[in-house]
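What follows is the residue order along each chain.
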Amino acid sequence: MAEVVPLSRGDLRLTYRIPSALQPLLPGTLVIVPLQRRREKAVVVKLTDVCDFPQNKLLNISGLLSEGSVLPPDLLKLATWMAGYYMAPFRTVVEAMVPAPVREGKGQMRETMIEAIRPVEKETLEALNKAARRQGELLQFLLQQTKAQPRSLVLKRMNMSASVAEGLVEKGLAKCHSESRVRESYQDGLDAEAVTASGPPALTEEQEAAFTRLEEVRKEGGFACWLLHGVTGSGKTEVYLRLMEKTLEEGGQVLFLVPEIALAPQTVARVRSRLVSTGANVVVWHSNLSAGQRADAFREVAEGRANVVVGARSAVFAPFPDLRLVLVDEEHEPAYKQEETPRYHGRDVAIMRAFDRKVMCLLGSATPALETLYNVRAEKFGVVKLTKRVDDRQMPLLHVVDLRRARAAGKGGGLFSPLLRDKMIDRLEKGEQTILFLNRRGYSTTALCPSCGHVVECPHCSVGLTLHRTDNRMRCHLCGYEKEAPTYCPSCRSPDFKWKGSGTQKVEAAVQALLPKARVVRLDADSARKRNHFRSVLQNFRKGKIDVLVGTQMIAKGLDFPNVTLVGLIDADLSLHQEDFRAAERTFQLIVQVSGRSGRGDRAGEVVVQTLTPHAPPIQFARRQDFDGFLDEELSLREEFRYPPYRHLIRQVLQGRNEEKIWFVAEKWAEEAEKTLGADVEIRGPAPTPIEKVADEYRVQLWYFTSAVSSTGQRLARMAQKFELPDGVKMMFDVDAVGLR
Ligand SMILES: Nc1ncnc2c1ncn2[C@@H]1O[C@H](COP(=O)(O)OP(=O)(O)OP(=O)(O)O)[C@@H](O)[C@H]1O
Ligand SMILES: [Zn+2]
């Protein structure tokens, strides 16, 4: 008998008999089962001999969807764990793990190959040339080839129709067969020359020590989670590469996770070209893969032909038969958290996978997450540090500019403080490059009427609209609503109407005004909409065709440009004043990461951080590069309030169009939760989410703080199953929530 989970029914587990024609059936196989007079797709989760249902009444599995197992036992186990831990329907987890074409049992792309049947007598060829000239030409071509060629390609190149090939086959002079073809999943030569030409550098003393220690751990075998805590530009990638090479030498497979493939072209290119040159087969798993490419990549890995997978969080589900090393770069990045069901954390699932496969997991960052540092202090994770940049390069010098003073002094009241302005002028004169960072796109961000106090808000969301000067429209960054920008107040018609607050477009304009000769380029979600824009800008920046790069968090991390000697953080307060208990941590990480782009070449770098709150701890600790100081202070604050990492946070959001109804349901739920959950769970709320309304839906949240996250999650899930949710109300849970808007 087999226990199956129907894909459409989430949490239902049912037992069926396996007809002899379908034996042997492996767990992880996709099957079709009869269910309430319908045929449903399901996944076999377990083979079993016991069943509390009378065996003779059991129904048979009706057929196979996949030719064998598509979910190896370890992924099946992981899926079950994820569905429970992240309170997600099993179906959504299976969908996240297995690409649709594989799930739907679609075959691989196949191609017809053609070759000549040898030997061919000279006379035959001559006779053919006379009787059917085209067929003769084709045969001659095929005889020149050493192996079978794709038929369509050959015919196209020779400008022939399919009948010519058919004729040859009929005469018994050529034969065709079909072959599965792998779609190339990653083709771009981004700086490949620059990367390969240099070859592997000799490790610095610190890198060598870190590598030796980590390699010992890896060699020892068994699960171990380690943190590589290395300052920006300390050469963490080189340490990963050595560990990967060792693992590959032993014939094992490697998983290398990055937060976002598109934002890490340099790292991906470096890893890929280095490993490919040693003969490894590297699959790059990114969000732009077509369904077919994704399915091919899946099979390449499953069948052991690919030995390295580089990818964003969903690559954590690659079906490795022989995974022996897991690497998570920039492990602190919020992008590892999936913000839709199943709301899993890529880093944490990666650790689970390593644990299950009894192999090493290495997390790397210059600014590790507090959760990770907490685990290091609790000695659950090991740690190695890189405290210096390679080649004795200096860490950049960081200036904190008090914008209140700069403004009070009447100079540079605009976007740039006098200090930043002078340094920008200086860099342009010296031919060095500058990066300016502001995590807000658009031109201006708030429109306020000085006469009547009217603020222009999105009619569908509780946020202000942002002015985009490129097309003179105002837009909502949450729901996409847009409208032509008014020149007078829409409420009182006063012409004094003013836009305030700045976005990257304004910064770009201000640089252009200050440095008319400079070549300025802006990189943000608006400009990057054009395909390949991001990569080509980075290439031009590397080649020195751009003097000043202005951008959002897209340019905050990972970039390695030796000629950048100045980084300006236009407004450090943006991240500091978010309604999020991680605001200080994010600000600290941001300042350190952005600063880390400066001075990576032979010349020392500088950083100018502009803020209205220069004494805020994350700013001061970042200025002094005092990681431990920041950690001590932030951890003690978190401990005081029992926030993560001291307890887990489960966030629940109820949303819908009817505000009153949402609140009513939330209150009712809260009452029940008080009764159902034990005293060891602290409930907060119901309360409005920081952004109360998005796309016409009101949102109310409840927070649950718990030390026993799995059992609390289970109790909440059971409650949710019984709870009668009225029409028009949606409910979601987010375990270990990261995004809190
Ligand atoms: N041993 C070495 N000798 C010379 N150059 C090196 C060495 N190791 C790394 N590098 C170079 O130093 C630069 C920084 O390395 P890398 O990008 O790995 O740093 P990182 O620690 O990942 O920094 P970040 O956290 O800022 O991304 C790269 O250009 C890399 O090629
Ligand atoms: Zn909106």
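Remember, predicted model here, so these are calculated numbers, not experimental data.

Participant: Mind showing me how you'd approach the overall build of the protein chain here?
Facilitator: Each helix and strand counted, the protein chain has 24 helices and 30 strands in total. For 741 residues, the compact-globule formula gives about 27 Å, and the C-alpha radius of gyration of the protein chain, at 30 Å, lands near that figure. Expressed as lengths along the three principal axes of its C-alpha atoms, the size of the protein chain is roughly 95 × 70 × 60 Å. By residue count, 53% of the 741 residues in the protein chain fall in the buried class. Considering only intrachain contacts with a sequence separation of at least 6, the fraction spanning at least 24 residues in the protein chain is 76%.

Participant: I would appreciate a short explanation of the environment of E250 in the present structure.
Facilitator: Structurally, E250 can be placed in the loop between α10 (236-249) and β10 (253-257). When its relative accessible area of 36% is taken as the criterion, E250 is described as partly exposed. Put simply, E250 and C458 are 208 residues apart on the chain and 58 Å apart in space, counted from C-alpha to C-alpha. A polar side-chain atom of E250 sits 3.0 Å from a polar atom in the side chain of R218.

Participant: Just to check I follow, could you spell out the coordination of the zinc ion (ligand 2) for this structure?
Facilitator: Each angle at a metal carrying four tetrahedral donors should ideally be 109.5 degrees, and each at a metal carrying six octahedral donors should ideally be 90 or 180 degrees. In this structure, C458 (SG), C461 (SG), C476 (SG) and C479 (SG) serve as the protein donors to the zinc ion (ligand 2), at separations of 2.3 Å. Taken together, the four donor atoms surrounding the zinc ion (ligand 2) define angles of 106 to 114° at the centre, an arrangement classified as tetrahedral. Mapping the donors of the zinc ion (ligand 2) onto the primary sequence gives the spacing C-x2-C-x14-C-x2-C. Highlighted residues: C461 in the loop between β18 (446-448) and β19 (466-468) and C479 in the loop between β20 (473-475) and β21 (482-484), separated in sequence by 18 residues. The exposure class of C479 is partly exposed, given its relative accessible area of 30%.

Participant: Even after reading the chapter, I still don't get the site of ligand 1, so can you show me in this structure?
Facilitator: Close to ligand 1 lie 20 residues; A202, K236, T237, D560 and R600 are nearest. In this structure, an oxygen atom belonging to ligand 1 sits 2.7 Å away from a side-chain N or O atom of R600. Contact with the protein chains removes 84% of the 640 Å² of surface that ligand 1 exposes when unbound. Looking at which domains feed residues into the shell around ligand 1, each of domain 3 (192-391) and domain 4 (393-443 + 502-637) gives three or more.

Cut-offs applied
- Residues numbered from 1 in each chain as written.
- Chains lettered and ligands numbered in written order.
- Predicted model: local features only at pLDDT ≥ 70, side-chain atom pairs only at ≥ 80, totals over all residues.
- Heavy atoms only, no water.
- Helix = DSSP H or I, 4+ residues; strand = E, 2+ residues; numbered from the N terminus.
- Rg over C-alpha atoms; globule rule 2.2 N^0.38 Å.
- Buried < 20%, exposed > 50% of the residue type's maximum accessible area, 1.4 Å probe, protein only.
- Contact = heavy atoms within 4.5 Å.
- Polar contact = N/O pair within 3.5 Å; in protein donor to acceptor, adjacent residues only side chain to side chain.
- Donors = N, O, S within 2.8 Å, 3.2 Å for Na, K, Ca; no water.
- Tetrahedral: all angles 85-135°; square planar, octahedral: opposite > 155°, others 65-115°.
- Near = heavy atom within 4 Å.
- Areas by Shrake-Rupley, 256 points an atom, 1.4 Å probe, with all protein chains shown as cover.
- Domains from an automatic or database assignment.

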